[in-house]
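# Reading the structure
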Amino acid sequence: MTERWLYAWGLGSVAFGGASLLVPLYIVQLGATSVQLGVLASTAAVIGAPGAILFGRLANRVTRRRPLVLVTLLGVAAMLVVIPLSTNITTIIVANAALWLVVASVSPVLTMLVVDDAPESRWSARIGLLNKYQGYGWAGGLVLGTVWPLVGPRVVDETAVTETLFWLLAACAAVAVVTAAGSLPRPAPDGHVTGERRARRIARLLSSSRSGVKGTTFVFAPNRLYWSTRGIRPRRLLERLDPALATYFAAATLFSVGFAAFWAPLPLFLTESNFVSGQVFALYLVSSLASAVLYEFAGGFATKYDVRLLQSGALAVRGALFPMVVLVTAVAAVSVGFVTVGVVLAAIGATWAFIAVVGTAIVTRLAPPSVRGEVLGVHTALSAVAGGVGGVLGGWVAGFGYLTAFGVAGGLVVLASVLVFSLRTLSGGERAAKTPNENVAETASTVAVPAVSTEEVGEEIEVQTR
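What you see is a predicted model, and the numbers here were worked out from it, not measured in a lab.

This part is about the confidence of the model for the protein chain. On average, residues of the protein chain score 78 in pLDDT, and 71% of them reach the 70 mark or higher. Within the protein chain, helix H17 (residues 402-421) carries the highest mean pLDDT (96), whereas helix H20 (residues 454-464) carries the lowest (33). Taken as a whole, residues 429-466 scores under 50 in pLDDT and shows 75 contacts with residues more than four places along the chain or in a different chain.

The following block contains the structure:
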C-alpha cells in the first residue's frame, strides 16, 4: 500500500471536518431553532449506522471498494455545492443527513482497503496511518473554517463568505475524487478480509485505537460499529450479561446522551453569544486538539491508577464543565469570553481523552471472555443510538434556556459517573487473575502505541471466542 491515496483521502477529510460545523452554523444564520439544530445533529449521528452496515456488506467484493470510495467523495462534493443554494432548513437537514450517510458508510470500506493484501502483523500500523491522515484532514477543515471568515471578505463579497466556504470544501472533495481515482489500491480479487475470526481482530484493533481529532465532538464511530457488530448473537449475550456490565452499559448510555445533548445546541449558543463563525470553528478546534494530544498520556495514566476512579472522575469533571460554558460567557466581555470559553472547551476535550481510553479498558475488563467482541459491539452501538436521542433532547431542552440544557446534559454525565463509581469490582480485580490494572495496561497500551502486535491480539480473541 502506498501513501499517495491517503493524501487524497486526507484532502477529502478536510471537507468532512469543515462541514461538521459549517452546516450547523449555516442553519443558525438562517434562523434555525434549537430543536431544528438538535434534529440536524441527531440525524447525522443515527443515519450512519445502517449505511456503514450496507456499504460494508457491499464491499465484501473487492471490485466494489474503489467505486464506493469515489462515490462517497463525489457525493460529499455534490452536497456541499447544493446546501448553500437552499434557504429551507428542512431541506438542509435532509441534505446534511445524506452527506453523513455517505461519509459514515464508507468507513468500513477504507479499513478493508488498508488491510487488503497485508499480513496481520501490519494491520495496526496501517489502520493507524489511515486514522492519522483522516485526523489531519478533519483538523484542516476546522482550521479552514477558522481562517476563511478573516480572509474571505478580502476576496469575495462579505455576504458570500459562508457560501464560498461551502464551495471551497466541495472543491477539496472534488480534487480528492480525481486524485483518488488514480491512486486507490487495486487488491487482487481474493485479497480481502473474510471470516469472522479476522473481523473480530479488526474490531478489537479499532476499539482500542485513538479516536482522533474528531472524537471530541463527533464521537459516533460507524467503522467500529460495522466491525464490532458483525458477530453479535443477542441470546448468547443476554445470558452472559451480569449486573456489573449492565450497570456500565447504563452509565455509557447516560453519558453518551449527555454528550450529544451538550454539543447539539452549542453552535446556536455560541452564535447568540456574539461569537463569529471563525471563532466558533476555533473553539471546536481547540477542544478537539486538546483531546487528541492527550490520548497517549491518558493511556499511560490508565496503567498506573484505578480505572474506576479515573473514569468516574473524568465524567464528573466533564459534567460540571458543561454548564460552566454558559457561566463564563455571561460574566465576561466577548473578547475575554472567547478566551475563557476556549479554556473550558479545551478542558472538556481533555476529559474525553480519558473517558474514551479508560472506557474501552473497562468494557474489556467487565466483558466475559467468551463474548468480549460482542460486548464491544454493543458498547459502540449504544453511542449511535444515544447520540440520536441526545441530539433531540439537547435541542428541545435548550428552548427553556441554555443553562438548563447544559445543566441537564451535565447532570446525565454526573449521574453516569456515580454509576461507574459504584462498580467496585473494577478496583477489586475480581474479573481476572491479573492485578487490577494489568488488563487496563494491555488495552491502554494499544491506544498509546499504534503499532501493537496484531498477532498477539488476534490470538487472544480467537481463544476467547472458541
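Counted by the stated rule, this structure contains 17 aromatic pairs. With centroids separated by 6.1 Å and ring planes inclined at 90 degrees, the aromatic side chains of Phe297 and Phe354 adopt a geometry described as edge-to-face. Note that Phe297 is positioned in helix H13 (residues 277-302) and Phe354 in helix H15 (residues 334-366), a separation of 57 residues in sequence. Taking relative accessible area as the criterion, Phe297 reaches 46% and is therefore assigned partly exposed. Members of the aromatic cluster, each reached through a chain of ring pairs, are Phe255, Phe259, Phe262, Trp263, Phe269, Tyr284, Phe322, Trp352, Tyr402 and Phe406. One residue, Arg318, lies across the ring of Phe259, its end atom 4.4 Å from the ring centre.

One non-glycine residue, Asn274, lies in the positive phi region at around 75 degrees. Relative to the helices and strands, Asn274 resides in the loop between helix H12 (266-272) and H13.

Let us look at the environment of Gly394. Considering the arrangement of structural elements, one finds Gly394 in helix H16 (residues 372-397). Along the sequence, Gly394 and Ala261 sit 133 residues apart, while their C-alpha atoms lie 3.8 Å from each other. In contact with Gly394, other than residues within four places in its own chain, are Ala261, Pro265 and Ala405.

Let us now look at the packing of helix H14 (residues 307-330) against H17. Where H14 contacts H17, the axes come no closer than 8 Å and their chain directions differ by 170 degrees. Taken together, H14 and H17 sit at an angle that is classed as roughly antiparallel. Of the residues in H17, those touching H14 at Arg308, Leu309, Gln311, Ser312, Leu315, Ala316, Gly319, Ala320, Phe322, Pro323, Val326 and Leu327 are Tyr402, Leu403, Phe406, Gly407, Ala409, Gly410, Val413, Val414, Ala416, Ser417, Val420 and Phe421. Residues that form the contact of H14 with H17 fall into these classes: 17 nonpolar, six polar and one charged.

Scoring rules and cut-offs
Residues numbered from 1 in each chain as written. Predicted model: local features only at pLDDT ≥ 70, side-chain atom pairs only at ≥ 80, totals over all residues. Heavy atoms only, no water. pLDDT = per-residue confidence, 0-100. Helix = DSSP H or I, 4+ residues; strand = E, 2+ residues; numbered from the N terminus. Contact = heavy atoms within 4.5 Å. Phe/Tyr/Trp six-rings, centres within 6.5 Å; stacked < 30°, edge-to-face > 60°. Buried < 20%, exposed > 50% of the residue type's maximum accessible area, 1.4 Å probe, protein only. Lys NZ or Arg CZ within 6 Å of the ring centre and 35° of its normal. Axes fitted to C-alpha atoms, helices over the stretch in contact; angles between N-to-C directions. Parallel < 35°, antiparallel > 145°, perpendicular 65-115°, else oblique. Nonpolar A, V, L, I, M, F, W, Y, C, P; charged D, E, K, R; others polar.

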